[in-house]
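Commentary on secondary and tertiary structure
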Amino acid sequence: MSSSLPTAIGPYPVLARLGSGGMAEVLLARSLGASGFERRVAIKRPLPAFRGDGELERLLIAEARVGARVHHRNLVGIHGLGVDDGTYYVVMDYVDGADLGTLRRAHACTPSVAVHLVSEALLGLHHLHGLSDDHGRPLGLVHRDISPSNVLVSRHGEVKLADYGIAKATHLAGDTAVNIRRGKYAYMSPEQVAGEPLDARSDQFAVGVMLVELLTGQRPYDAEGPAQVLDRIREAAPPDLAALQPSIAAVAQRCLERSPADRHADALSVRSALLDAMPDAARVGPPEVARWVEAASVQMPSHGGAQGRSATMRTVVDTQA
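Owing to the predicted nature of the structure, the values given are computational and were not obtained by experimental measurement.

1. Digging into the confidence of the model for the protein chain
In this model, the protein chain carries a mean pLDDT of 86, and residues with pLDDT of at least 70 account for 87%. Below pLDDT 50 for its whole length, residues 171-182 participates in 23 contacts with residues either more than four positions away or in separate chains. Predicted confidence is poor over residues 303-321, with pLDDT under 50, and the contacts of this stretch with residues over four places away or in other chains come to 67 contacts.

Okay, here's the thing in structure tokens:
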């Protein structure tokens, strides 16, 4: 990654580099308007070595097109798609906080906070799954990359699902094998690993993995290496959930069923079951989450100022990592 920071990208003055992944980076910038209007935004663009890469450009364009239809408090908003010096870039919400994976590694949260965080992500996922085209026809979108690193939590306690680069309408033709390599393998559903057609219930499997990880610190199908993990996911044998409260374990187990037909009906059904299983989570809100984020930030090796913000948007460039 180039160490030099551009002065501006398109009309957006650049303030800092927030992070980078395998093929792209995210920069903090200012969006300016009339009469002194100003807001901070995040800009995603390819790293120098991948500028002009047609596949990465396709992902950025796809992310912008999906994001243009997103208007929900639990989804990162996309404000625009531009071209600067021949390179595509995406303008999105700047979330002042960190991704869920970074926070969880720094400081474990209480079970009620964990369930609240997942329930908020499920609200965003339900909205994404229900998006329609301009004629009101359901798009049948599947996120395909649900993981803690794609859930952003702000220092004010907001929870936002990010990264629509590989979200895909189920009725559109495409190379499923390519998309298998895109998501983070530890959170893939059995049907995604097998290269089979996906629907919204595939994302539900990833939510189940994430829920177990948040509550126990371990993913249910972890093994010595990626090949072994994928083999375990293909089999999807009932995992050991003895460490979980029985009512929560039952919700997680249904998310993790090998057959999509045996999972919950939809994301809202998962959320409802979780809150029924842990009523205390319904009393958790932004203030409680904000206190956890603050406690976690103290435990991070680098926190505060630009260093703290570098963890904030790391997730939105991780798809290719």
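2. A short note on unusual backbone geometry
Not every positive phi belongs to a glycine, and D85 is a case in point at roughly 55°. Here D85 lies in the loop between β5 (78-84) and β6 (87-93).

3. Describing the sheet that holds strand β7 (residues 97-99)
Strand order in this open sheet of 3 strands is β7-β9-β10, and the pairing throughout is antiparallel. Unpaired on one side and paired on the other, β7 and β10 (159-161) mark the two borders of the sheet. Strand-to-strand twist across the sheet, computed as the mean angle between neighbouring axes with direction ignored, equals 25°. The pairing of strand β9 (residues 151-154) with β10 spans 3 bridges and is classified as antiparallel. By the bridge assignment, V153 is partnered in β10 with V159.

4. Let's talk about the packing of helix α6 (residues 200-216) against helix α8 (residues 246-255)
One can describe the packing of α6 onto α8 by two numbers: an axis separation of 7 Å at closest approach and a directional angle of 145°. In terms of crossing hand, the pair formed by α6 and α8 is left-handed. Counting all contacts with α6, which are made through Q204, F205, G208, L211, V212 and L215, the residues of α8 involved are I248, A252, R254 and C255. Residues of the contact of α6 with α8, tallied by class, amount to 7 nonpolar, 2 polar and 1 charged.

5. Some thoughts on the pairing of strand β4 (residues 38-46)
Pairing of strand β3 (residues 24-32) with β4 involves 9 bridges; the strand directions are antiparallel. Paired with L27 across the strands is I43, a residue of β4. Linking two consecutive strands that pair antiparallel, namely β3 and β4, is a turn of 5 residues; a positive phi of about 55° is found at S35 within it. Where β4 and β6 come together, 4 bridges link them in antiparallel fashion. Bridge assignment links V41 to a residue of β6, and that residue is D93.

6. Examining the packing of aromatic side chains
In this structure the tally under the stated criterion is 2 aromatic pairs. Ring geometry for Y12 against Y89: centres 6.3 Å apart, planes inclined by 85°, an arrangement best described as edge-to-face. Linking Y12 in strand β2 (residues 12-20) with Y89 in strand β6, this pair joins segments that are 77 residues apart in sequence. By relative accessible area, which is 17% here, Y12 ends up buried. Plain terms: the ring middles of F205 and Y221 are 5.8 Å apart, the flat faces sit at 15° to each other, and that makes the pair stacked. Here F205 is found in helix α6, whereas its partner Y221 is found in the loop between α6 and α7 (226-235), with 16 residues between them in sequence.

7. Structural notes on the pattern of salt bridges
Oppositely charged side chains are able to pair whenever their charged atoms sit close together. The full count for this structure, using the stated rule, is 18 salt bridges. A salt bridge links D163 to K44, with the shortest nitrogen-to-oxygen separation between them at 3.9 Å. In this pair, D163 sits in the loop between β10 and β11 (168-169) while K44 sits in strand β4, placing the two residues 119 residues apart along the sequence. There is no split in this pair, since D163 and K44 are both buried. E288 is paired through a salt bridge with R291; the nearest N and O atoms lie 3.7 Å apart. Taken together, the positions of E288 and R291, both in helix α10 (residues 286-299) and 3 residues apart, correspond to about one turn of that helix. Within this structure, R17, E25, R45 and R51 form a network of salt bridges that share partners.

8. Some thoughts on α6
Note: α-helices contain 3.6 residues per turn, so residues at a spacing of three or four share the same orientation. Here α6 spans 25 Å end to end across 17 residues, near enough to the 24 Å set by a 1.5 Å rise per residue. Burial runs high along α6: 13 of the 17 residues are buried. G217 sits one or two positions beyond α6 and adopts a positive phi of about 85°.

Conventions we followed
Residues numbered from 1 in each chain as written. Predicted model: local features only at pLDDT ≥ 70, side-chain atom pairs only at ≥ 80, totals over all residues. Heavy atoms only, no water. pLDDT = per-residue confidence, 0-100. Contact = heavy atoms within 4.5 Å. Helix = DSSP H or I, 4+ residues; strand = E, 2+ residues; numbered from the N terminus. Pairing = 2+ DSSP bridges. Axes fitted to C-alpha atoms, helices over the stretch in contact; angles between N-to-C directions. Left-handed = near helix turned anticlockwise from the far one by under 90°. Nonpolar A, V, L, I, M, F, W, Y, C, P; charged D, E, K, R; others polar. Phe/Tyr/Trp six-rings, centres within 6.5 Å; stacked < 30°, edge-to-face > 60°. Buried < 20%, exposed > 50% of the residue type's maximum accessible area, 1.4 Å probe, protein only. Salt bridge = Lys/Arg side-chain N within 4 Å of Asp/Glu carboxyl O. Expected span 1.5 Å × (residues − 1).

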